[in-house]
Structures are given as C-alpha cells and as structure tokens.
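# Structural characterization, general
The lines below spell out each chain.
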Amino acid sequence: MDDLPEEVAWEILKRVKKTVDKNSISLTCKRLHELDNQQRRSIRIGCGFVPANEGLISLCHRFHNLEKVEISYSGWMSKLGKQLDDRGVYNLCISCPQLTVLTLSYCTYITDAGLSHLASCSHLSALNLIFAPRISGCGILSVVVGCKKLSLLHLNRCLNVASMEWLEYLGKLETIQDLHIKNCRAIGEGDLVKLGNSWRNLRSLHFEVDSNYRYVKQFYDRLAVDHWQKQLIPCNSMREIKLVNGIFSPGKGLACILGKCKNLEKIHLDMCLGVRDSDIIELASESRSLRAISLRVPSDFSLQTPINNPTRLTDESLKALALNCSNLESVKLSFSNGDFPSFFPFTQEGILALVHKCPLHELALDHVYSINDAGMEALCSAEYLEVLELTKCQEISDEGLRFVVRFPKLFALKLSKCLGVSDYGLQPLLGSHKLKLLVVEDCPHISERGVQGAAQSVSFKQDLTWMH
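Just so it is clear, the structure is predicted and the values come from calculations on it, not from any experiment. (Residues numbered from 1 in each chain as written. Predicted model: local features only at pLDDT ≥ 70, side-chain atom pairs only at ≥ 80, totals over all residues. Heavy atoms only, no water.)

### A closer look at the packing of helix H4 (residues 52-62) against helix H5 (residues 86-95)
Here is the rule: For every element, the axis is a line fit to its C-alpha atoms; helices are fit only across the contacting stretch, and the angle between N-to-C directions ranges from 0 to 180 degrees. Only DSSP runs of H or I with at least four residues qualify as helices, and only runs of E with at least two residues qualify as strands; both kinds are numbered from the N terminus onward. Orientation labels follow simple angle bins: below 35 degrees gives roughly parallel, above 145 gives roughly antiparallel, 65 to 115 gives roughly perpendicular, and whatever is left gives oblique. Here, two residues are considered to be in contact whenever any of their heavy atoms come within 4.5 Å of each other. When residues are sorted by character, Ala, Val, Leu, Ile, Met, Phe, Trp, Tyr, Cys and Pro go into the nonpolar class, Asp, Glu, Lys and Arg into the charged class, and all the rest, Gly among them, into the polar class.
The N-to-C vectors of H4 and H5 enclose an angle of 10 degrees; their axes lie 9 Å apart at closest approach. Classified by the angle their axes make, H4 and H5 are roughly parallel. Counted together, Asn53, Leu56, Ile57, Cys60 and His61 of H4 and Arg87, Gly88, Asn91, Leu92 and Ser95 of H5 form the full contact between these two elements. Residues of the contact of H4 with H5, tallied by class, amount to four nonpolar, five polar and one charged.

### Comments concerning the environment of Gln177
Where we set the bar: Each residue is assigned to one of three classes by its accessible area relative to the maximum for its type, calculated with a 1.4 Å probe on protein chains only: buried under 20%, partly exposed between the two thresholds, exposed over 50%.
Within the element layout of this structure, Gln177 appears in the loop between helix H8 (166-173) and strand S6 (178-182). On the basis of relative accessible area, Gln177 is assigned to the partly exposed category, the value being 37%. A sequence separation of 21 residues divides Gln177 from Asn156, and the C-alpha atoms of the two residues are 17 Å apart.

### Brief notes about the pairing of strand S8 (residues 240-244)
Counted only if it meets this: In this description, strands pair whenever DSSP reports at least two bridges between them.
In this structure, strand S7 (residues 204-208) lies alongside S8, joined through five bridges in parallel fashion. Across the sheet, the residue bridging to Leu205 is Ile241, located in S8. Relative to strand S9 (residues 266-270), S8 runs parallel, the two being bridged by five bridges. Considered in S9, the bridge of Val244 is made with Asp270.

### Focus on H5
Working note: α-helix, 3.6 residues per turn, so residues spaced by three or four point in the same direction. Put simply, the rule is: Here a polar contact is recorded for every N or O atom pair within 3.5 Å, except that within protein the pair must consist of a potential hydrogen donor and a potential acceptor, and residues adjacent in sequence are included only if both atoms are side-chain atoms.
Within H5, seven of the 10 residues are buried, leaving the element largely enclosed by the surrounding structure. Among all positions of H5, only Asp86, Gly88, Val89, Asn91, Leu92, Cys93 and Ser95 are buried. Considering only its buried residues, H5 is in contact with H4, strand S2 (68-72), strand S3 (101-105) and helix H6 (112-116). Of the residues flanking the start of H5, the one acting as N-cap is Asp85, its side-chain oxygen 3.1 Å from the backbone nitrogen of Arg87.

### A look at unusual backbone geometry
The step from Val50 to Pro51 runs through a cis peptide bond, and the omega angle for that step is -5 degrees. With respect to the element layout, Pro51 can be found in the loop between strand S1 (42-45) and H4. Its identity as a non-glycine residue notwithstanding, Tyr106 has a phi of 55 degrees, on the positive side. Structurally, Tyr106 is set in the loop between S3 and H6. The partly exposed category is assigned to Tyr106, whose relative accessible area is 27%. The residue Glu174 is not glycine, and still its phi comes out positive at about 60 degrees. Tracing the backbone shows Glu174 in the loop between H8 and S6.

Structure, rendered in structure tokens:
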C-alpha cells in the first residue's frame, strides 16, 4: 500500500460507501487511516456514543473535513449515558468549521442556548430538528440570524417553537428553499404569510398539522389567515408541496398559494379540509408541469352534501387535471373512511378520463369503491401504465383482476385488503412473465400458493386483524 499512487488510494476510498467498511479499511494501514481521516465528510452519532461531549471533540479532530453531522438519540434511556448537551453543540461548532448540514434527533438536553452556538457556523445551509422539546422560537431565530446561507430548515415535533420573529426574518433573507414544518403545535397555516418575499425562492414546502389540534389552530389562526387573502408574490420556484391535516379557506391562506406555483411538479394533499374543485382547477391551469398528485380525501366528504356544493370535490377536478397537465405521470387517490363508499367524490368515469388523457405510469387507488370490473377492463387501454396499487377496492372481483394480464406495459401490481379477489383472479398471470413484481397483503381469499409463479418477484403477507 505504501507504493500505491495517491490518486489510486484516494479513488479506492471514494468507492467505499458503507461506514462500517470505511472503518475497517482505515484500520488496515496507517496510510489508509490518514486518507480516510481527510476524506470523511459525514458521521452519524447514536445512543452508544459516551461520553458525548468529549467524544465529539475527538471525532471532529480526527475527521477534520466533516461537512455533515447527524446526532440521533432515538430510543435513548438514562442508563445509556448522558446525551449531548449545550456544551457539546459549542464543541461541535468550534471543532467543525466546515459544517454545512446538521441533524439533531431526540436531543432532549439541547436548549436555545446550545442552538445559539450554531450562529457561528457560517457555512451551515441545512438544519433538521426532530423532537427538540427544549427548543423555542428564540433558538431558531438565533440560527436564522447567524446562518446567512441557511436554505433548508426541517422542524419535526418541535412542540415549543412558535412562529415569533424567525419566520419573518427568514422571509427577509430570501435564502430558504426547503421548508418542512411537521406537528409543531405552536405554528399554524396563518403564520406562513410571514415568509413574505421568500415565497419567490421556495422550492419545497411540507406543512403538517397535528390532527388533534387542527380545529384549535383554525380558531386561533383565523385572524392571520384573513390577512393572507391574496398571494401577491409568485411561487415560480416551487417544485413540491405537501400539506397534511390543513384547513383551506376560500381564497385565503394556503388556498391562494396553489394558483401561484407555475412550475410545480409534485403535490400531496392529505386530509385537508375545505379543498374545493376551484382550488384544484386553478392549480391545474397554472401548474402545467405537474408530474405527480396525491389526494387523500377526509371523511367529511362522506356527508350527504348536494352534488353542486362548492366545498365538495368532484370529477371537475380530475377533468381539469386531464385537460391541462399533459405531463402527469403519477396519481394517487385515497378516501380516509370506507364506511361511506357511495359518496366517494370521484366517479369511475372521471378517474378513467384522467388515466386515458395523461401519460400515467403509476396509479394508486385506496378505498375507491367507484372502480369496478368494467373499470379494470377500461384500464387495458392505458398504454403507459406500469405500476398499479389497489387497496380496499372492494368492487373489483376476480373477473376484473383477470384483465391485468392485458395491460400493455404493467410490470408491478400491489393488492392490499381487497375482499373480492382470490387465487382464481391471478391465474392468467401464472407463467405469463407479465409482471416483474407482485405484492399481496392481507387479502383473505388469496393464498401464498396462489401467488407463486405470478411474477418474477413475489411478496406475500396476510394479517386479517383489519377485518375485525
């Protein structure tokens, strides 16, 4: 190894991806040990790292070019030793000058004082906090003010982080591109208006409200949402939006964002109350580059509302998508409650229109009772469809499943909790070499023997507790 050219040894280490393999190689000789120390750019520290504060200094001195650090205490108990605390964060900041990406997960000893030390990390561009109960908005503000290059901020279950001034300051910087706020009870939809001009550069927005606090937040955020009646700043950089458990108000709040995302490619609306046809129609007319859409409709739609009720999604939304989004490749439609199948907002005709007019490669239907055997036969003309997922689609029987062998390009099929299908429906696939992948989960009338030979790769699981 001593005679090996420098560039060759460097290339060998670059090709080793797993941390455990890198550690083993670094122990083989002094030269590779030194090269690994220079080349290592990322580390992940877990519960077994004791003592945390002193050990982190040692690691940073050994790997002096670290750029990405993840510290996770998931599953931690007191008997495993003391966690990294505020002093440890300070040590990290002074020992790791090139730090650009930091993830702190379940670090319950770190407070605002510790987080404020990150303000000295001038290269920090990404911060991910997962369950940080002792962090408040003051700690986030200190990071936002000090780290001028911050472009990614993910907050997950940071229960004491309120919006305060940090969102407003983040909006003035106009550097944020990726913002995820998940289950942070003190932050509501109305607070996002404080992003101001940063909407112009935002590329990814993931906003999830704790479902137990959805209506509480709606009451307290009503005033803020009322002020957010128009989105004057275009969101032309936005590529992906994911909203979970949100509440849409007509022409206000998040509803007015959908019509401003000219280059949007992916959108996921999960259990969002108040989404109307007009919202989806406006989205479709503006976001003509849309490639993937996922709609999980809340059970509130199961109420017997008039067909022309403006707060009810209908096939008009699907028709708008089919008409305007010629690049749509992935569609996922789900209903949160299967007890009211007759009131599913989308009909078989609307779904098939979308499938036939767009180059869909992936279609996932969950609790969609409007699709039956005739619909499966109609899918035989879906010339681009490659992946089909059916979950609790109880109107599909063996007769409909037997049409799968006639789908032109289908190579992956997933069946989950479907009561109407059995081994008989899979018989045409046996030995046909049609499918590369078949996944069957919790379908009571399909046996493990019945799936053998139906695809190149088969996954079978049966747990029928969901039926009781």
